[in-house]
Amino acid sequence: MPIATVNPADGETLKTFDPLSDEEIEQRLADAAEAFRSYRTTTFEERARLLNSAADLLEREASGVARVITTEMGKTLAAAEAEAAKCVKAMRWYAENAEGLLAPEYPAADDIEDSGAVWARVRYRPLGPVLAVMPWNFPLWQVIRFAAPALMAGNVGLLKHASNVPQTALYLGDLFHRAGFAPGCFQTLLVSSGAIESVLRDPRVVAATLTGSEGAGRSVASVAGDEIKKTVLELGGSDPYLVMPSADLDAAARTAVTARVQNNGQSCIAAKRFIVHTDVYDAFAERFTAGMRALTVGDPMEPDTDVGPLASEQGRDDLEDLVTDALTQGAQAPCGGRRPEGFEQGYYYEPTVLTGVTEQMRIHREEAFGPVASLYRVRDADEAIELANDTPFGLSSNVWTQDECEMDRFTRDLEAGGIYFNGMTASHPALPFGGVKRSGYGRELSGHGIREFCNTTTVWRA
């Protein structure tokens with residue numbers, strides 16, 4: 001795949017970039033190793049000063065950065081601006097909280113009295129250069145949620161971003177440099193996917209984090225495993241959205257529309273499978289379908305646009321194939337199910353609701369990465385849980401109920417890294433984020449995330 005900015009609203013290639021040469025990659029790896037030697041000894045106060053400086057820069061430049069994001073991957077301009085603001089918040093949160101999250105731990109004297117130690121403590125120390133392989137769908141946020149905790153922990157970063165967001169990738173590398181971080185602390189690698197293996201195998205790279213497809217995660221994890229290097233993986237999702245009889249149907253349906261089409265439907269944590277109790281199925285389906293049908297598809301730069309284009313022609317075609325497969329096998333589309341009229345250029349697809357989805361259809365098993373929702377009817381909580389868990393993924397989940405007993409049951413039995421009651425999944429700096437099953441392993445954000453790339457060290461003294 002070429003490293004290029006291709007506007008998904010019209011398919012025009014705006015700018016192309018040459019990948020780094022082997023010599024240039026080697027220099028960046030050397031710079032990262034050299035930077036870590038000194039950066040690891042900086043104080044939390046100094047790291048926080050630098051990270052806050054980066055946050056201030058991004059806040060001032062958010063409008064321009066948002067336009068670059070929208071141009072490169074097609075999300076609405078309002079969504080891109082919100083993404084930039086979220087990144088600023090996360091950087092400031094880690095600047096303020098990292099020292100406390102990584103504070104030494106002191107076991108109680110009674111717990112270690114038979115250990116032979118006068119005292120013992122647990123320290124969190126940085127590992128070194130970490131490779132981040134990041135996707136295009138949240139091209140700022142996915143990087144910042146790695147970079148902010150990694151830098152505050154004393155690590156340094158090497159970013160291999162998606163090839164269709166090169167200008168955003170270059171901006172990120174420049175952002176940390178202009179904020180005052182020493183050369184080599186955070187660098188963008190404009191390289192093809194084929195270069196990832198050699199970078200990851202380099203002994204100066206100590207770990208890797210990846211957000212992306214199941215295939216990409218398997219590839220990176222295999223190489224890292226062969227080299228015995230730590231990885232954190234956040235992969236695909238086919239998140240369930242459960243609606244039970246006690247739900248506020250108006251709020252559930254309204255939120256369901258947002259949960260499905262956020263980021264033009266291209267989000268791992270977007271709700272994709274809507275599992276509704278039969279007692280409220282008809283009422284919910286009517287509200288939800290009406291809400292999806294009312295969305296405005298159009299130019300993502302325009303303020304009245306709700307859903308812009310998909311990020312690539314291949315992504316649009318893959319989504320279209322999933323829908324066609326379902327319709328051919330008997331599913332119905334009360335709204336959508338095709339490319340919108342009047343959009344001969346660009347990678348647009350109508351917000352779509354599918355009913356009558358069966359387990360024989362590909363969309364029942366595969367992630368629909370675009371504004372397409374599958375709607376299911378279930379008899380009770382048992383069937384809802386069984387269907388919700390009938391997926392290879394386990395990233396997050398949403399449940400609408402006012403019944404406390406049902407909340408306890410869903411909390412116990414849903415196979416997911418997150419369970420959000422009466423709202424939609426959203427990542428937050430203070431809360432751990434990640435999945436189970438084929439959605440990956442490890443956690444980002446919160447104290448759990450910042451400690452993923454730390455050497456948890458026992459210090460013992462006799």
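Residues numbered from 1 in each chain as written. Predicted model: local features only at pLDDT ≥ 70, side-chain atom pairs only at ≥ 80, totals over all residues. Heavy atoms only, no water.

## Looking at the overall build of the chain
So, step 1. Along the backbone of the chain there are 14 helices and 19 strands.
So, step 2. Relative to its length of 462 residues, the chain is compact, with a C-alpha radius of gyration of 23 Å against a globular reference of 23 Å.
So, step 3. Counting only C-alpha atoms and orienting by the principal axes, one finds that the chain spans roughly 70 × 60 × 40 Å.
So, step 4. Counting over 462 residues, the chain shows a buried share of 55%.
So, step 5. In the chain, once contacts between residues fewer than 6 apart in sequence are set aside, the share between residues at least 24 apart is 73%.
So, step 6. Just so you have it, the chain exposes about 19,100 Å², and 49% of that area is on carbon and sulfur atoms.
So, step 7. For the chain, the distance from the average site of its 43 positive side-chain charges to the average site of its 66 negative ones is 4 Å. (Helix = DSSP H or I, 4+ residues; strand = E, 2+ residues; numbered from the N terminus. Rg over C-alpha atoms; globule rule 2.2 N^0.38 Å. Buried < 20%, exposed > 50% of the residue type's maximum accessible area, 1.4 Å probe, protein only. Contact = heavy atoms within 4.5 Å. Areas by Shrake-Rupley, 256 points an atom, 1.4 Å probe, with all protein chains shown as cover. Lys, Arg positive; Asp, Glu negative; His and termini not counted. Charge placed at Lys NZ, Arg CZ, Asp CG, Glu CD.)

## What to know about the side chain of Ser446
So, step 1. Note that Ser446 resides in helix 14 (residues 446-451).
So, step 2. Residue classification places Ser446 among the buried residues on the basis of a relative accessible area of 3%.
So, step 3. Ignoring anything within four residues of it in the chain, the contact list for Ser446 reads Trp93, Tyr94, Leu101, Pro429, Ala430, Leu431 and Pro432.

## A word on the packing of aromatic side chains
So, step 1. Here the structure, examined in full by the defined rule, presents 10 aromatic pairs.
So, step 2. Geometrically, the ring pair formed by Tyr39 and Phe181 is tilted, given 6.1 Å between the ring centres and 55 degrees between the ring planes. Residue Tyr39 is located in helix 1 (residues 22-39), and its partner Phe181 is located in the loop between helix 5 (166-178) and strand 6 (186-188); the two are separated by 142 residues in the primary sequence. Across this residue pair, the class does not change: Tyr39 and Phe181 are buried.
So, step 3. Ring geometry for Trp136 versus Phe369: centroids 5.8 Å apart, planes at 80 degrees, classification edge-to-face. Here Trp136, found in the loop between strand 4 (129-133) and helix 4 (141-153), pairs with Phe369, found in the loop between helix 11 (362-365) and strand 13 (372-378); they are 233 residues apart in sequence, far enough to count as distant. (Phe/Tyr/Trp six-rings, centres within 6.5 Å; stacked < 30°, edge-to-face > 60°.)

## Points about the sheet that holds strand 9 (residues 239-243)
Hydrogen bonds along the backbone pair up the strands of a sheet, which may run parallel or antiparallel.
So, step 1. Strands sit in the order 11-12-13-10-9-15-16 across an open sheet of 7 strands; the sheet is mixed. Strand pairing shows two members of the sheet lacking a second neighbour, strand 11 (332-335) and strand 16 (420-421), which therefore form its edges.
So, step 2. As defined by bridge partners, strand 12 (residues 352-355) adjoins strand 13 across 3 bridges and the pair is classed as parallel. Paired with Val353 across the strands is Ala373, a residue of strand 13.
So, step 3. Sitting on the sheet, helix 10 (residues 313-328) touches strand 11, strand 12 and strand 13, and the angle it makes with strand 12 is about 30 degrees. (Pairing = 2+ DSSP bridges. Axes fitted to C-alpha atoms, helices over the stretch in contact; angles between N-to-C directions.)

## Some thoughts on the pairing of strand 8 (residues 230-234)
So, step 1. In terms of burial, strand 8 is largely enclosed, as 4 of its 5 residues are buried.
So, step 2. Strand direction decides the pairing type here: strand 7 (residues 207-211) and strand 8, joined by 5 bridges, are parallel. Bridging across to strand 8, Leu210 finds its partner in Leu233.
So, step 3. Remark: the strand 7/helix 7 (residues 214-227)/strand 8 crossover connection has right-handed handedness.
So, step 4. Here 2 bridges tie strand 8 to strand 18 (residues 440-441), and the two strands are oriented antiparallel to one another. What sits directly across from Glu234, in strand 18, is Gly440. (Right-handed = clockwise from strand over helix to strand, strands pointing away.)

## A word on the pattern of salt bridges
So, step 1. As enumerated under the stated definition, the model contains 30 salt bridges in all.
So, step 2. Residue Glu46 is joined to Arg49 by a salt bridge in which the shortest nitrogen-to-oxygen separation is 2.8 Å. With a gap of 3 residues between them, Glu46 and Arg49 both fall in helix 2 (residues 44-73), about one helical turn apart.
So, step 3. Under the relative-accessibility criterion, Glu46 is labelled partly exposed at 29%.
So, step 4. Between Asp382 and Arg409 there is a salt bridge; the shortest N-O distance is 2.7 Å. Taken together, the residues Asp382 in helix 12 (residues 381-388) and Arg409 in helix 13 (residues 404-413) connect sequence positions 27 residues apart. (Salt bridge = Lys/Arg side-chain N within 4 Å of Asp/Glu carboxyl O.)

## Things to note about the nonpolar core
So, step 1. Judged by nonpolar contacts, the single largest core of 88 residues is most densely connected at Leu51, Leu58, Met91, Leu131, Phe176 and Phe181.
So, step 2. With 30 residues, the next largest nonpolar core counts Val257, Phe274, Cys335 and Tyr348 among its residues. (Core = buried A, V, L, I, M, F, W, Y, C linked by side-chain atoms within 4.5 Å.)

## Focus: the side chain of Ser267
So, step 1. Relative to the helices and strands, Ser267 resides in the loop between helix 8 (249-261) and strand 10 (271-277).
So, step 2. Look at Ser267 and you get buried, because its relative accessible area is 2%.
So, step 3. Beyond its immediate stretch of four places on either side in the chain, Ser267 contacts Asn137, Phe138, Gln262, Lys272, Glu367 and Phe369.

## Considering the pairing of strand 9
So, step 1. Along strand 9, 5 of the 5 residues are buried, which leaves the element largely enclosed by surrounding structure.
So, step 2. By the alternation rule, side chains of strand 9 split into Asp239, Tyr241 and Val243 and Pro240 and Leu242, which are all buried.
So, step 3. Two strands pair when backbone bridges link them, and strand 9 and strand 10 are joined in this way by 5 bridges, in the parallel orientation. Within strand 10, the residue paired with Asp239 across the bridge is Ala271.
So, step 4. Where the polypeptide runs from strand 9 across helix 8 and back to strand 10, its parallel neighbour, the crossover connection is right-handed.

## Quick word on the sheet that holds strand 7
So, step 1. Taken in spatial order, the 6 strands of this open sheet run 6-5-4-7-8-18, and their pairing is mixed. Two strands bound the open sheet, and with one partner strand each, they are strand 6 and strand 18.
So, step 2. Judged from the 4 bridges that link them, strand 4 and strand 7 form a sheet pairing that is parallel. The residue bridging Val133 from the neighbouring strand is Leu210, located in strand 7.
So, step 3. Where helix 5 meets the sheet, it contacts strand 5 (156-160) and strand 6, and its direction lies at approximately 155 degrees from that of strand 6.

## Some details on the state of the cysteines
So, step 1. In total, this model carries 0 disulfides according to the counting rule given.
So, step 2. Free of any disulfide, Cys87 has its nearest neighbouring cysteine sulfur in Cys268, separated by 16 Å. (Disulfide = S-S within 2.5 Å.)

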